[in-house]
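Architecture and fold: a report
Below, each chain spelled out in residue letters.
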Amino acid sequence: MAQTRRHAIVTGGGSGIGLATARSLDDAGWRVTIIGRDKEKLQTAAKTMVGAHPEIADVTNPDAVLSAIAGARAVHGPGDLLVNNAGGVVSAPFLKISLPRWREALDLNLMGAVHCSQAVLPEMKERGWGRIVNIASTAGLTGYRYVSAYVAAKHALVGLTKALALEFATSGITVNAVCPGYTDTEVVASAVKTISRTSNRSEEDAHATFTATNPQGRLVKPEEVASAVLWLASDAAAAVNGIALPIAGGEVS
């Protein structure tokens, strides 16, 4: 059912899961704000939707987040749904990850969600209705080699989800996470090319590195993640709170 009077804010909304989510919400009648660092990418993405508004911001910068949320509010009103999608992977052996790279991983994958949630929760609480959906990862539910900083940050994001769900449970607000496995996005496509180039393997063989973890033998589609977000944002999911929903073909439970 279209939520024609509600406003969704999607971080990292210029590509991948964020863009697929923004489009699904736009199709369902939500007013949408997409937030990201790449102005050209955001503006191009916004043109593919009916009512999307782009705001340029780095979610690791709390002042930039506040400015972006204010800009979104001026166009579409207060945020009813926040999708914390902005994130990125630091890939390296544990002993080779520098402290600055650790901070980078935590700032982007955890603190970005903290900054955005702090910016929208007061108004959600005042109005007695709100939804926050954090895009975590199967890396928030299990471990993987060579991405320890990412795994730690996504586990922390899942923990934040559960804590906020309890704290705001009586405020008409739900806080949930979705945890996709390897998804068919630009990030994975780039990783496939890198693996192929650096290991003298074919791209088909490199691609199999990612599909092998999914019992269905495939990559998750961004639209599949978006569908889960759309449901969690709906009135029908009002009793669903504090979950970390795997979208990974049975890889984790």
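The structure we're discussing is the one just above.
A quick note: this is a predicted structure, and the numbers were derived from the prediction, not measured. Chains are numbered independently. Their residues run from 1 in the order of the written sequence. With the structure being a predicted model, the display of local features is reserved for residues of pLDDT at least 70 and the display and counting of side-chain atom pairs for 80 or more, all residues being used for whole-chain, interface and lining totals. Side-chain numbers here rest on the full set of heavy atoms in the structure, without hydrogens or water.

What follows deals with the overall build of the protein. To qualify as a helix, a DSSP run of H or I must reach at least 4 residues; to qualify as a strand, a run of E must reach at least 2; elements of each kind are numbered from the N terminus. A count of helices and strands for the protein gives 8 helices and 7 strands. Every radius of gyration here is taken over C-alpha atoms, with the globule rule written as 2.2 Å times N^0.38, N being the number of residues. Taking 2.2 N^0.38 as the reference for a compact globule, 253 residues should give roughly 18 Å; the C-alpha atoms of the protein span a radius of gyration of 18 Å, in line with that estimate. Dimensions of the protein, computed from the C-alpha atoms along their principal axes, are close to 55 × 35 × 35 Å. Partly exposed describes any residue whose relative accessible area lies between the buried limit of under 20% and the exposed limit of over 50%, with all areas from a 1.4 Å probe on protein chains only and scaled to the type maximum. Buried residues in the protein amount to 50% of all 253 residues. Residue contacts follow a heavy-atom distance rule, with two residues in contact if any of their heavy atoms lie within 4.5 Å. A separation of at least 24 residues holds for 69% of the contacts in the protein among residues at least 6 apart in sequence. Carbon and sulfur atoms provide 54% of the accessible area of the protein, an area that totals close to 11,900 Å². The Shrake-Rupley method, run with a 1.4 Å probe sphere, supplies the accessible areas, and residue values consider only the shown protein chains as cover.

It is worth spelling out the side chain of His 53 at this point. With respect to the element layout, His 53 can be found in strand β3 (residues 52-56). A residue is classified by how much of its surface remains accessible, and His 53, at 17% relative accessible area, is buried. Ignoring any residue separated from it by four or fewer positions in sequence, one finds His 53 in contact with Val 32, Thr 33, Ile 34, Gly 71, Ala 72, Val 75 and His 76.

Let us now look at the packing of aromatic side chains. Centres within 6.5 Å make a pair out of two Phe, Tyr or Trp rings, where for Trp the six-membered ring is used; the pair is then stacked when the planes are under 30 degrees apart, edge-to-face when over 60, and tilted otherwise. Within the structure shown, the criterion is met by 3 aromatic pairs. Arranged with centres 6.2 Å apart and planes meeting at 85°, the rings of Phe 94 and Trp 102 form a pair that is edge-to-face. With 4.8 Å between their ring centres and 85° between their planes, Tyr 182 and Phe 210 make a pair best called edge-to-face. Here Tyr 182 is found in the loop between β6 (173-180) and α6 (186-199), whereas its partner Phe 210 is found in helix α7 (residues 203-211), with 28 residues between them in sequence. Among the residues examined, Tyr 182 registers a relative accessible area of 30% and is labelled partly exposed. In this structure, Arg 6 packs its charged tip against the face of Trp 129, placed 3.8 Å from the ring centre. Placement of a charge over a ring requires the Lys NZ or Arg CZ to be within 6 Å of the ring centre, with the centre-to-atom vector within 35 degrees of the ring normal.

A few words now on the pairing of strand β1 (residues 7-11). Buried residues dominate β1, accounting for 5 of its 5 residues. Burial of the side chains of β1 extends over both faces: His 7, Ile 9 and Thr 11 are buried on one face and Ala 8 and Val 10 on the other. Of the pairings in the sheet, the one linking β1 to strand β2 (residues 31-36) comprises 5 bridges and is parallel in character. Paired with Val 10 across the strands is Ile 34, a residue of β2. With the strands aimed away from the viewer, a crossover counts as right-handed if its path from the first strand over the helix to the second runs clockwise. Tracing the backbone out of β1, into helix α1 (residues 16-27) and back to the parallel element β2 gives a crossover that is right-handed. By this definition, two strands are paired if DSSP reports at least two bridges between them. As paired strands, β1 and strand β4 (residues 81-84) are joined by 3 bridges and run parallel to one another. What sits directly across from Val 10, in β4, is Val 83.

We now examine the sheet that holds strand β7 (residues 244-247). Here 7 strands make up an open sheet; going across it, the order is β3-β2-β1-β4-β5-β6-β7 and the pairing parallel. Because the sheet does not close on itself, it has two edges, and the strands there are β3 and β7. On average, adjacent strands in this sheet sit at an angle of 20° to one another, irrespective of strand direction. Axis definition: a line fit to C-alpha positions, over the contact stretch in the case of helices; interaxial angles, taken between N-to-C directions, run 0 to 180 degrees. Lying over the sheet, helix α2 (residues 39-46) contacts β2 and β3, oriented at roughly 175° with respect to β3. On the sheet, helix α8 (residues 222-232) packs against β4, β5 (130-135), β6 and β7 and is oriented at approximately 165° with respect to β6.

Within α7, burial applies to Ala 206, Phe 210 and Thr 211. All buried residues of α7 lie within an arc of 145° about the axis, which places them on one face of the element. On its buried face, α7 is in contact with α6. Regarding the arc, it is the one traced by the directions from the helix axis to the C-beta atoms.

All right, on to unusual backbone geometry then. Located in the positive-phi region is Tyr 146, a residue other than glycine, with phi close to 70°. Along the polypeptide, Tyr 146 turns up in the loop between β5 and α5 (148-167). A positive phi angle, near 55°, is found at Asn 200, a position not held by glycine. Structurally, Asn 200 can be placed in the loop between α6 and α7. For Asn 200, a relative accessible area of 76% puts it in the exposed group.

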